[in-house]
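Tertiary structure, described
Spelled out, the chains give:
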Amino acid sequence: LGSVPKMREWLGERQLGGLSSHNYTIRNKHYEASIEVDRDTFEDDKLGLIRPRIGQLAEEAARFQDELLFTVLEAGSTALCYDGQYFFDTDHTEGDNTTNQSNKLSGSGVTLTALQTDYAAARAAMRNFKDGNNRPMNILPTHVVAPPALEGVFRQLLNGDFFPTVATGAATTSPNVWKNTAELIISPYLTDTNDWYLMALNQPVKPLLFQMRKSPEFVALDNPRDEGAFMRRRYAYGVDARFNVGY
C-alpha cells in the first residue's frame, strides 16, 4: 500500500495523496489430515482409546497453522515478498526513499554478551527505518522470536535486573537497560539455533499475513451405510482447511 502522506499545514484545499500498489499474490492451499479405522476395532474399543485419537485431528489442524507460520518466517531469506526482494534482505527500498535498508543483520554469536550487542544493533536498525516519504517510521520492537535453544539467554537479557557475567553467571552491579523492552516468543518449529527475530507486532501492518480462506472442517464417515463401512468395514475421519501464510 505504500506510505500515507505526511501531515502538512492546511492552506487552501486538501492535497489528496494516493496509495502505491504492488502486485503480490498469496495463493491459498488445501491441507488435510485423515485416519481410517477398522469397524470391528472401533466397535471392540472398550477402553475408549480410539475416539480421543480421532479428536486429535482437530488439535493437529490448529497446531499445523503455527508450524506453517514459523516455517515461512524461517524461509524469509530465500523467499520473495511484495517488493520483489527477499523478505529478509539488505537492500529494501520504498517509494521516494531510494536508500537501501536492511532487515537482515549478521549476528556476533549466541552467548549472552553477543546477544546484548546484537539486540542493541537490531533495535537501532528498526528505529532508523524510513518510509516511502523518507521519514522515520518510529517503530518500536515489541517481541523477540527465538528457538528453544536460545530461551535461557534471552530470558536473562529481557527479564534480568542486572547483566550477569559470562564467566560465573553472577549478577554484576550494571543495570540491565534492556529489561522489559520486548516479550519473548519461543517456537519449537524454528530449526536454526543461531537465528532469532525482532518484531514490532503493535503496528497496523504485521510482518506476516495468515490468510484463512476456509476454517478447519471435521468430517466423520462412520455411518454403517457409508460406502467405506459397507464395502470394506472401514470408518474414515478427517479434517481439512484452506489457507496460506505470506509476507
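Scroll up for the structure.
Residues numbered from 1 in each chain as written. Predicted model: local features only at pLDDT ≥ 70, side-chain atom pairs only at ≥ 80, totals over all residues. Heavy atoms only, no water.

Quick word on the pattern of salt bridges
It is possible for side chains bearing opposite charge to pair when their charged atoms get close. Keep this limit in mind: We define a salt bridge as a contact between a side-chain nitrogen of Lys or Arg and a carboxyl oxygen of Asp or Glu at a distance within 4 Å. Helix and strand definitions follow DSSP, with helices as H or I runs of at least four residues and strands as E runs of at least two, each counted in order from the N terminus. When a residue's accessible area, from a 1.4 Å probe over protein chains only, is under 20% of the maximum for its type it is buried; when over 50% it is exposed; and in between it is partly exposed.
Scanning all chains against the criterion turns up eleven salt bridges. We note a salt bridge from R234 to D38, for which the minimum N-O separation is 3.3 Å. Of this pair, R234 sits in strand β10 (residues 234-246) while D38 sits in strand β1 (residues 29-38), and the two are 196 residues apart along the sequence. For R234, a relative accessible area of 26% translates into the label partly exposed. For the salt bridge of E60 with R63, the shortest nitrogen-to-oxygen distance reads 2.8 Å. Note that E60 and R63 are positioned in helix α2 (residues 50-74) at a spacing of three residues, about one turn of the helix. According to the relative accessible area criterion, E60 is partly exposed, its value standing at 29%. Exposure remark for R63: the relative accessible area of 29% places this residue in the partly exposed category. Because the salt bridges share partners, they merge into one network encompassing E36, D38 and R234.

Topic: the sheet that holds strand β7 (residues 183-186)
Our working definition: We treat two strands as partners when DSSP finds at least two bridges between them. Here the axes come from fitting lines to C-alpha atoms, over the contacting stretch only for helices, and the angles between their N-to-C directions go from 0 to 180 degrees. By definition, residues are in contact when any of their heavy atoms lie within 4.5 Å.
A sheet is described by the order of its strands in space; here three strands give the open sequence β7-β4-β8, paired in mixed fashion. Each edge of the sheet is formed by a strand with only one pairing partner; in this case those strands are β7 and β8 (197-199). With direction set aside, neighbouring strand axes in the sheet form an average angle of 25°. Where strand β4 (residues 143-146) and β8 come together, three bridges link them in antiparallel fashion. Note on β8: the bridge partner recorded for V144 is L198. Docked against the sheet, helix α3 (residues 112-127) engages β4 and β8, running at close to 40° with respect to β8.

What about α2?
Owing to its 3.6 residues per turn, the α-helix aligns residues three or four sequence positions apart on the same side. Stated formally: Take the residue count of a helix, subtract one, and multiply by 1.5 Å to get its expected span. Here the bend at a residue is taken as the angle between two axes, fitted respectively to the seven residues that end there and the seven that start there.
Between its terminal C-alpha atoms α2 stretches 35 Å, which fits the 36 Å expected from 25 residues at 1.5 Å a residue. At E59, α2 shows its largest kink, close to 30°. Turning to α2, its buried residues are I50, I54, L57, A61, Q65, L68, F70, V72 and L73.

Points about the pairing of β4
Moving residue by residue along a regular strand, the side chains alternate between the two faces of the sheet. Neither face of β4 is exposed, since H143 and V145 on one face and V144 and A146 on the opposite face are all buried. Sheet topology note: the β4/β7 ladder contains four bridges and is parallel. Directly across from H143, in β7, lies its bridge partner E183.

What to know about the packing of aromatic side chains
Just so we agree on the cut-off: Two rings belonging to Phe, Tyr or Trp (six-membered ring only in the last case) form a pair when the distance between their centres is within 6.5 Å. Interplanar angles under 30 degrees mark stacking, angles over 60 mark edge-to-face geometry, and anything in between is tilted.
In the structure shown here, the tally under the stated rule is eleven aromatic pairs. Both rings, one in Y31 and one in F64, keep their centres 4.9 Å apart while their planes meet at 55°; by these two values the pair is tilted. Taken as a pair, Y31 in strand β1 and F64 in helix α2 lie far apart in primary sequence, 33 residues in all. Members of the aromatic cluster, each reached through a chain of ring pairs, are Y31, F64, F210 and F243.

Looking at the layout of surface pockets
This is how the line gets drawn: Computed over the protein atoms alone on a 1 Å grid, cavities are sets of points where a 1.4 Å probe fits but cannot get out and pockets are open sets with protein on both sides within 12 Å along at least five of seven lines; a residue lines them when it has an atom within 4 Å of a point. Grid points are joined across faces, edges and corners, and a volume is the space filled by probe spheres set on the points. The residue classification treats Ala, Val, Leu, Ile, Met, Phe, Trp, Tyr, Cys and Pro as nonpolar and Asp, Glu, Lys and Arg as charged. All others, Gly included, are polar.
What the second largest pocket holds in volume is close to 240 Å³. For the second largest pocket, the full set of lining residues is P5, K6, M7, R8, W10, R14, Q15, L16 and G17. In terms of residue class, the lining of the second largest pocket is made up of four nonpolar, two polar and three charged.

Notes on the side chain of H143
So the rule is basically this: The definition of a polar contact used here is a pair of N or O atoms within 3.5 Å, where within protein one atom must be able to donate a hydrogen and the other to accept one, and adjacent residues in sequence count solely through side-chain atom pairs.
Locating H143 in the fold gives a position in strand β4. A relative accessible area of 14% means that H143 is categorised as buried. For H143, the side chain forms a polar contact with the side chain of T142, separated by 2.7 Å. Among all residues touching H143, those that are not within four sequence positions of it are A182, E183, I185, Y197, L198, M199 and L201.

Quick notes on the sheet that holds strand β9 (residues 209-221)
Strand order in the open sheet formed by three strands is β1-β10-β9, and the pairing between neighbours is antiparallel. Strand pairing shows two members of the sheet lacking a second neighbour, β1 and β9, which therefore form its edges. For this sheet, the mean angle separating the axes of adjacent strands, direction not counted, is 10°. Here ten bridges tie β9 to β10, and the two strands are oriented antiparallel to one another. By the bridge assignment for β10, V219 is matched with G238. Where α2 meets the sheet, its contacts fall on β1, β9 and β10, and the angle it forms with β10 comes to roughly 15°.

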